[in-house]
Amino acid sequence: MTETLVVGAGFAGAVCAERLASQGRKVRIIDRRPHIAGNAYDEFDDNGVLIHRYGPHIFHTNAKRIFEYLSRFTHWRFYEHRVLAEVRGKRLPIPINRTTLNGLYGLDLDEAGAAAFFEQVRTPRSPIVSSEDVVLNSVGPELCELFFRGYTRKQWGLDLSQLSAGVAARIPTRTNDDDRYFTDSFQFMPADGFTAMFRNILDHPNITVELGVEFESLDRRAFDRIFYTGPIDGYFGYRLGRLPYRSLRFEHEHLPDTDQAQPVGTVNYPNAHDFTRITEFKHLSGQKVKGTSIVREYPCAEGEPYYPVPRPENEALFRQYKALADAERDVVFVGRLAQYRYYNMDQVVGAALGATE
Ligand code: FAD
């Protein structure tokens, strides 16, 4: 029987491989990295703390079908992520809520008062095109400067006004005290970690996993079909130019004498430091070990492609690559890099399930 090739062993590739294998196909899945799980890779550091090598990954979804599909491969630990932003010397909830307003301004607003506050400070914008429009339209200029503009400049190397509306639209504004970062109906972490879940996804007699292998080094004629989850511009040798990606440098640190470094999983630093945020992994895993491990994220232009940069001109270049991709026979492009989409993990699983139905 001929083999199907899956390029990339992240969420997109692993789910494609599992679905194809379950349909009776023989699958070879490769990754240029020495491990499975793509950017969701986690591992125990030298001190026994489960850390995420490529930055914090928190699973959340509203799609029961996707949660049920992944539940075949893992047990779960209930976890609701919380984030504080350090602003004017205080740590305040983000997304901005009633507690944020009361803490920042020394007020005692109730829900109606918070709604009236937002109404008073917001700058109505129409049409809403950029992320700046989104933020000014909901919270006005001061909260925009304190919580969003500096963070965005660090994260993307761009001003809010240069980013598509969809980026800021991911962060809601609340008049109540809900301080959860996500409000999805399913918020869980894989009980034994993401990598363990991926091991189970790929544990199928029809699947061969090969790590440290470049797609470009293989003879494509050996495969009947290819599911490609790497960068779409890379597949075509960057012939139309490079699609911009934002990268990150991760600074991991273990603090042997500290059992808890911060009160919540992530603290954002919108205006101070070169890093955007610090995450403490024990909040995510619920581990009770001595000492703690944290990661600081420094956004940068060069390096591994992590985030497609959502700007209209990049979308236009992507569409040109997509036209080339549509003309490729027997190749399916799926995942965050292949579809140049700012996808969360659940959306990537959904895309992979759709691509293999
Ligand atoms: P990837 O995980 O990038 O996998 C693609 C794989 O393909 C890589 O392992 C790569 O090595 C391999 N590859 C590429 N090209 C080649 C080639 N030519 N040959 C061989 N192998 C190749 N999502 C959430 O839902 N919640 C979060 O909290 C969250 N946090 C995130 C935090 C950070 C810092 C980042 C960067 C992303 C975060 N995400 C989060 C998004 C999440 O990482 C992605 O949605 C998901 O991992 C994408 O899966 P993928 O398979 O499409 O891509």
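Residues numbered from 1 in each chain as written. Predicted model: local features only at pLDDT ≥ 70, side-chain atom pairs only at ≥ 80, totals over all residues. Heavy atoms only, no water.

**Q** Hey, could you go over the overall build of the protein for me, with residue numbers and the actual values?
**A** A count of helical and extended segments in the protein gives 11 helices and 17 strands. Expected size for 357 residues packed as a compact globule is a radius of gyration near 21 Å; at 21 Å, the protein falls within 12% of this value. In terms of overall dimensions, the protein has C-alpha extents of about 70 × 50 × 35 Å along its principal axes. Buried residues in the protein amount to 56% of all 357 residues. Residue pairs at least 24 apart in sequence account for 70% of intrachain contacts in the protein once pairs closer than 6 positions are excluded. For the protein, the exposed surface amounts to about 16000 Å²; the carbon and sulfur share of it is 49%. (Helix = DSSP H or I, 4+ residues; strand = E, 2+ residues; numbered from the N terminus. Rg over C-alpha atoms; globule rule 2.2 N^0.38 Å. Buried < 20%, exposed > 50% of the residue type's maximum accessible area, 1.4 Å probe, protein only. Contact = heavy atoms within 4.5 Å. Areas by Shrake-Rupley, 256 points an atom, 1.4 Å probe, with all protein chains shown as cover.)

**Q** I'd like a rundown of the pairing of strand E15 (residues 292–300), residues and numbers included.
**A** Counting buried residues along E15, eight of its nine residues qualify, which places the element largely inside the surrounding structure. Looking at chain direction, strand E12 (residues 245–255) and E15 are connected through nine bridges and run antiparallel. Along E15, the bridge assignment pairs Phe250 with Glu297. With four bridges joining them, strand E14 (residues 277–280) and E15 adopt antiparallel strand pairing. In the strand pairing of E15, Thr279 is matched with Val295. (Pairing = 2+ DSSP bridges.)

**Q** Break down the packing of helix H1 (residues 11–22) against helix H11 (residues 345–355) for me, with residues and values.
**A** At a closest axis distance of 8 Å, the pairing of H1 and H11 adopts a crossing angle of 35°. As for how H1 packs across H11, the hand of that crossing is right-handed. In contact with Phe11, Ala12, Val15, Cys16 and Arg19 of H1, H11 contributes Met345, Val348, Val349, Ala352 and Leu353. The residue inventory of the contact of H1 with H11, partitioned by class, reads nine nonpolar, no polar and one charged. (Axes fitted to C-alpha atoms, helices over the stretch in contact; angles between N-to-C directions. Left-handed = near helix turned anticlockwise from the far one by under 90°. Nonpolar A, V, L, I, M, F, W, Y, C, P; charged D, E, K, R; others polar.)

**Q** Residue-level account of the nonpolar core, with values.
**A** Among the nonpolar cores identified, the biggest contains 82 residues, and Phe11, Leu70, Met197, Tyr228 and Phe333 are the most heavily contacted of them. A per-element tally of this core places H1 first, with eight residues. Setting aside its immediate chain neighbours within four residues, Phe333 contacts Tyr228, Ile232, Tyr235, Phe236, Ala325, Glu328, Ala338 and Gln339. Core analysis: the second largest hydrophobic core is formed by 24 residues, Leu92, Leu104, Ala114 and Leu143 among them. (Core = buried A, V, L, I, M, F, W, Y, C linked by side-chain atoms within 4.5 Å.)

**Q** Tell me about the site of the ligand, and name the residues and values.
**A** Around the ligand, the surrounding shell holds 31 residues, and the nearest of these are Asp31, His57, Ile58, Tyr343 and Met345. Backbone polar atom of Ala12 to an oxygen atom of the ligand: 2.9 Å apart, as the coordinates give it. Within the backbone of Phe215, an N or O atom sits 3.1 Å from a nitrogen atom of the ligand. When the ligand sits alone it has 1000 Å² of accessible area, and the protein chains cover 96% of it. Broken down by secondary-structure element, the contributors of at least two residues to the shell around the ligand are H1 and H11. The residue inventory of the shell around the ligand, partitioned by class, reads 16 nonpolar, nine polar and six charged. (Near = heavy atom within 4 Å. Polar contact = N/O pair within 3.5 Å; in protein donor to acceptor, adjacent residues only side chain to side chain.)

**Q** Describe the sheet that holds strand E10 (residues 207–211), and please don't skip the residues or the numbers.
**A** Ordered in space as E10-E2-E1-E11-E17, the five strands form an open sheet in which the pairing is parallel. Strands with a single pairing partner mark the edges of an open sheet, and in this sheet they are E10 and strand E17 (331–333). Going from strand to strand, the sheet's axes swing by 20° on average, the running direction of each strand aside. Two strands pair when backbone bridges link them, and strand E11 (residues 223–228) and E17 are joined in this way by three bridges, in the parallel orientation. Opposite Ile226, over in E17, you have Val331 as the bridge partner. Those strands touched by H1 are strand E1 (3–7), strand E2 (26–31), E10 and E11, and its axis lies near 170° from that of E2.

**Q** Before we move on, could you go through the packing of aromatic side chains and cite the residues and values that matter?
**A** Inspection of the entire model under this criterion finds 29 aromatic pairs. Where Trp76 meets Phe188, the ring centres are 6.3 Å apart and the plane angle is 50°; that geometry is what we call tilted. In this pair, Trp76 sits in strand E6 (residues 76–78) while Phe188 sits in strand E9 (residues 186–190), placing the two residues 112 residues apart along the sequence. Owing to a relative accessible area of 18%, Trp76 belongs among the buried residues under this scheme. When the ring centre of Tyr54 is taken as reference, the NZ or CZ atom of Arg33 above it lies at 4.2 Å. Taking the ring centre of Phe275 as reference, the NZ or CZ of Arg296 above it sits at 5.9 Å. (Phe/Tyr/Trp six-rings, centres within 6.5 Å; stacked < 30°, edge-to-face > 60°. Lys NZ or Arg CZ within 6 Å of the ring centre and 35° of its normal.)

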